[in-house]
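Residue-level structural notes
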Amino acid sequence: MTQTRHFLDLSSAGADGIAAMLADALDRKQARAGFPKGRADADAPLAGYTLAMVFEKSSTRTRVSFDMAMRQLGGTAVILDSATTQLGRGETVADTARVLSGYCDAIMVRTDDHAKLAEMAAYASVPVINGLTDNSHPCQIMADLLTVIEAGQALPGSKWAWLGDGNNVLHSIIEAGALMHFDVVAACPEGFDPAPEVLEAAGARARISRDPIEAVTGADVIVTDTWISMGQAHAEAKLAAMAPFQVTEALMAAAKPDAKFLHCLPAHRGEEVVPAVIDGPQSLIWPEAENRLHAQKSVLRWCFGQIG
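Let me begin by describing the structure that accompanies this report.

Rules used in this analysis
- Residues numbered from 1 in each chain as written.
- Predicted model: local features only at pLDDT ≥ 70, side-chain atom pairs only at ≥ 80, totals over all residues.
- Heavy atoms only, no water.
- Salt bridge = Lys/Arg side-chain N within 4 Å of Asp/Glu carboxyl O.
- Helix = DSSP H or I, 4+ residues; strand = E, 2+ residues; numbered from the N terminus.
- Buried < 20%, exposed > 50% of the residue type's maximum accessible area, 1.4 Å probe, protein only.
- Pairing = 2+ DSSP bridges.
- Axes fitted to C-alpha atoms, helices over the stretch in contact; angles between N-to-C directions.

**Remarks on the pattern of salt bridges**
Going through the model one piece at a time under the given rule, you end up with 17 salt bridges. Here Asp24 makes a salt bridge to Arg301, at a shortest N to O gap of 2.6 Å. Placement of the pair is Asp24 in helix H1 (residues 14-31) and Arg301 in helix H12 (residues 285-303), with a sequence separation of 277 residues. Linking Asp41 and Arg32 is a salt bridge whose minimum nitrogen-to-oxygen distance equals 2.6 Å. Grouping residues by exposure puts Asp41 and Arg32 together as buried. The network of salt bridges with shared partners includes Arg28, Arg32, Asp41, Asp43 and Lys297.

Below is the structure:
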């Protein structure tokens, strides 16, 4: 019996799986250039398949990109949220996993506690995909890797600088660095570091810096995210601690001349990044957002054993 392929973190696929998905995403994106967005790919490899999308956290990019990914692959998607399903009334994750496995061919989960995702995978008989948890955001980083490669930057040996909170997005970037052989320097204020176990697992590929300029010096890619994550209070103390780590034009100037700026969105212009950077010529935020769709198509195909 073939083992079910879950995509819970980047390590679920490993370096070879990630490389195969990125190559597939590049090919498929190019092959459908000029198509209307709703037209299925020529081969429609997921015709007849249905994805259940479970949302316990609000979403724009994850919701639309996965829905459109299934349409372009020839399949369909069903959207569920906790407010209108039995999950919001106390049904267990395990029971939900069993039920959805009987209806659909895969399950995408966007939630808070990573343990809920793990429980869903433990009891589902179909692939489970991490659409975001408080611990990691692998689908976002697949899009980031795709965007950087499209911009002509090789992953191995590159330097990525992170500015701000040591959150779930940073966790997945650090994991990607260890798998794909690039270095990550995370400039975070004290008290807002990434999880120690994430750093430990990455070994020499990741380190912390308290100096934003030092962190970005020589960087190929600069990444940030909102300082106040979804569900957190707008804490003034946290904003004050983060202020020195704002991505400015001066900060970008300390990186390599052709350095690229990434942000997973939504952005708070004037907080974590100034408008001149996020809307400037080095910013790749719009291709990055679109690439959620293209990268996730390949994640879905990997989960069904079609690639990798």
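**Topic: the sheet that holds strand E2 (residues 76-81)**
Taken in spatial order, the four strands make up an open sheet running E2-E1-E3-E4, and their pairing is parallel. The open sheet has two free edges, formed respectively by E2 and strand E4 (128-132), since each of these has just one partner strand. The average undirected angle you get between the axes of adjacent strands in this sheet is 20°. Across six bridges, strand E1 (residues 50-55) lies against E2 in parallel orientation.

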